[in-house]
Amino acid sequence: MIKRFYPKNDKTLNFKFVQNDEDFIVEEQPIKFSGAGSFLVLKIKKDNCDTWELIDRLAKFLNVFSNEIGYAGLKDKRATTTQYITIPKKYSKEIKLFKNKKIEILDTTLHNEKLNIGDLEGNRFKINLHDVEVSDINHIQKIIKLINKDGMPNYFGYQRFGKEVVDNLAKAKDVVYGEEIVKDKKLSKMLISAYQSSFFNAWLVERLKLSNDEFKLLDGDVFLDLQKDKLFTPKVITANIINDFHNFKITPTGLLPGRKVFKAVGEAALIEQKYDDVYIQEKGYRREALVFPKDVNCKYDAAKKICNLDFILPKGSYATVLVEYLANRNFS
């Protein structure tokens, strides 16, 4: 498994970071709901319960298939998380009777569509770092300023790959090449997603090491227009492209190999081609190389040596990556 590299951080911090329901709190930032329609939106707070367990429990309680329950994003188990899901409106009365120690329904509203993966604005994180020395706080603040200015690498975090990283990626490759069949479709999809993600992370490490100053743009890069949410590929990096990049209007993207996906050309393709696998039959994607956290706040309790972080990330980005950037080390 390739080591995630964090530029411009020359110091390793040894604070303690653990995901649990007290030190890792996630609040989904929802899309705007219509307030009317045939779907009931549930705002749910849960402890030590991932999204799959939530859906399974609700499906069993309502006696429905799990695919009738919509969700916008997957949330970790080892955390306190608030997220939004949809169920058909016809179950409005039944859901009022639902009770579970781990799961609390905070609020409901109506929407005209079932929630699908990606139907969220982002996630707010509240994280506690323990055993933080006074001498480390200035460095943490320095890296936060750097992240606010230049963004942070949009790596897939360690959660994406599971505990047995090497074995999982080897098994995923066997599935892709037809040497092994995994009957559980959910597991098969997760393995292949991890395999695709490993290529992106490796590509991003190489790209970040091209320059010590800022992310180096290459002719033929595939960019995401953040205002139009559209991909485009300029053959040459112009002054206008660089200006739009500095003004956070566009961002370069990396490849998650697969079918029907934009690919880099020219100079950028020479690197990207090293991190591709044409045998992958799943759909491919582009992912932003950099993301820009919002509203990053840091508070320090010197007596307890606890640093409280509070920030918002775009959907699909990992809070653990930001914490790794601060520590300048991989957690798993």
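In this text, all values refer to a predicted model and were calculated from it rather than measured experimentally.

(A) Looking closely at the packing of helix α4 (residues 165-176) against helix α5 (residues 185-208). Direction vectors running N to C along α4 and α5 enclose 105°, while the axes themselves pass 8 Å from each other. Taken together, the axis directions place α4 and α5 in an arrangement best described as roughly perpendicular. Here α4 contributes Asn168, Leu169, Lys171, Ala172, Lys173, Val175 and Val176 to the contact with α5, which in turn contributes Ser188, Leu191, Ile192, Ala194, Tyr195 and Ser198.

(B) Summary view of the pairing of strand β1 (residues 24-30). Pairing of β1 with strand β6 (residues 120-129) involves seven bridges; the strand directions are antiparallel. Looking at the pairing, Glu27 lines up with Arg124 of β6. Of the strand pairs in this sheet, β1 and strand β4 (residues 80-88) are connected by three bridges, and their pairing is parallel. If you follow Glu27 over to β4, its bridge partner there is Thr82.

(C) Quick look at the sheet that holds strand β11 (residues 285-288). With respect to topology, four strands assemble into an open sheet ordered β9-β8-β10-β11, the strand pairing being antiparallel. Two strands bound the open sheet, and with one partner strand each, they are β9 (230-232) and β11. Averaged over all pairs of adjacent strands, the angle between strand axes in this sheet comes to 45°, irrespective of strand direction. In this structure, strand β8 (residues 223-225) lies alongside strand β10 (residues 250-256), joined through three bridges in antiparallel fashion. Opposite Leu224, over in β10, you have Thr251 as the bridge partner. Where α5 meets the sheet, its contacts fall on β10 and β11, and the angle it forms with β10 comes to roughly 130°. Each of β8, β9 and β10 touches helix α6 (residues 239-246); the most contacted strand, β10, lies at about 90° to it.

(D) Molecular detail of a nonpolar patch on the surface. On the surface, Tyr177, Val278 and Tyr279 cluster together to form a nonpolar patch covering roughly 330 Å² of accessible area. Within the fold, Val278 resides in the loop between α7 (266-272) and β11. Judged by relative accessible area, Val278 falls into the exposed class, the value being 66%.

(E) Structural view of the packing of helix α3 (residues 134-150) against helix α8 (residues 319-327). Where α3 meets α8, the closest approach of the two axes is 9 Å, and the angle between their N-to-C directions is 125°. As far as their axial angle goes, α8 and α3 are oblique. Handedness of the crossing formed by α3 with α8: right-handed. Only Leu322, Tyr325 and Leu326 of α8 make contact with α3, whose side of the interface consists of His139, Ile140, Ile143, Ile144, Leu146 and Ile147.

(F) Seen up close, the UniProt feature "active site" (unreviewed entry) in the chain. According to UniProt, the feature "active site" (unreviewed entry) maps to Asp76 in the numbering used here. Its place among the elements puts Asp76 in the loop between β3 (70-71) and β4. One polar contact links Asp76 to Gln19, side chain to side chain, over a distance of 3.2 Å.

(G) Summary view of the UniProt feature "domain: TRUD" (unreviewed entry) in the chain. Feature annotation in UniProt assigns "domain: TRUD" (unreviewed entry) to the following positions: residues 151-309. Between the end C-alpha atoms of residues 151-309 the distance is 16 Å, and the span holds 32% helix and 21% strand.

(H) Seen up close, the layout of surface pockets. Computed from the structure, the second largest pocket encloses a volume of approximately 320 Å³. Lining the second largest pocket are 20 residues, and of these Asp150, Asp213, Glu214, Phe215 and Leu290 sit closest to its centre. Those elements that provide at least two residues to the lining of the second largest pocket are α3, β7 (152-153) and α6. With three residues, the top contributor of residues to the lining of the second largest pocket is α3. Classifying every residue of the lining of the second largest pocket by side-chain character gives eleven nonpolar, four polar and five charged.

(I) Region of interest: the pairing of β10. Most of β10 is tucked away: seven of the seven residues are buried. Sheet topology note: the β10/β11 ladder contains four bridges and is antiparallel. When the bridges of β11 are listed, Leu256 appears paired with Tyr285.

(J) Quick peek at unusual backbone geometry. At Phe248, a residue that is not glycine, the phi angle is positive and equals roughly 60°. Along the chain, the position of Phe248 falls in the loop between α6 and β10. Looking at Phe248, the relative accessible area reads 42%, which means it is partly exposed.

(K) Focus on the environment of Lys11. Tracing the sequence through the fold places Lys11 in the segment before β1. Look at Lys11 and you get partly exposed, because its relative accessible area is 31%. A sequence separation of 52 residues divides Lys11 from Asn63, and the C-alpha atoms of the two residues are 53 Å apart. Leaving out residues up to four positions away in the same chain, Lys11 has contacts with Ser135, Asp136, His139, Ala327 and Asn328.

Reading the values: the criteria
Residues numbered from 1 in each chain as written. Predicted model: local features only at pLDDT ≥ 70, side-chain atom pairs only at ≥ 80, totals over all residues. Heavy atoms only, no water. Axes fitted to C-alpha atoms, helices over the stretch in contact; angles between N-to-C directions. Helix = DSSP H or I, 4+ residues; strand = E, 2+ residues; numbered from the N terminus. Parallel < 35°, antiparallel > 145°, perpendicular 65-115°, else oblique. Contact = heavy atoms within 4.5 Å. Pairing = 2+ DSSP bridges. Patch = residues over 30% accessible without salt bridge, like charges linked within 9 Å, V, L, I, M, F, W, Y side chains within 5 Å. Areas by Shrake-Rupley, 256 points an atom, 1.4 Å probe, with all protein chains shown as cover. Salt bridge = Lys/Arg side-chain N within 4 Å of Asp/Glu carboxyl O. Buried < 20%, exposed > 50% of the residue type's maximum accessible area, 1.4 Å probe, protein only. Left-handed = near helix turned anticlockwise from the far one by under 90°. UniProt positions renumbered as here; feature names shortened; annotations may be inferred. Polar contact = N/O pair within 3.5 Å; in protein donor to acceptor, adjacent residues only side chain to side chain. 1 Å grid on protein atoms, 1.4 Å probe; cavity = no way out; pocket = protein on both sides within 12 Å on 5 of 7 lines; lining within 4 Å. Points joined across faces, edges and corners; volume = space filled by probe spheres on them. Nonpolar A, V, L, I, M, F, W, Y, C, P; charged D, E, K, R; others polar.

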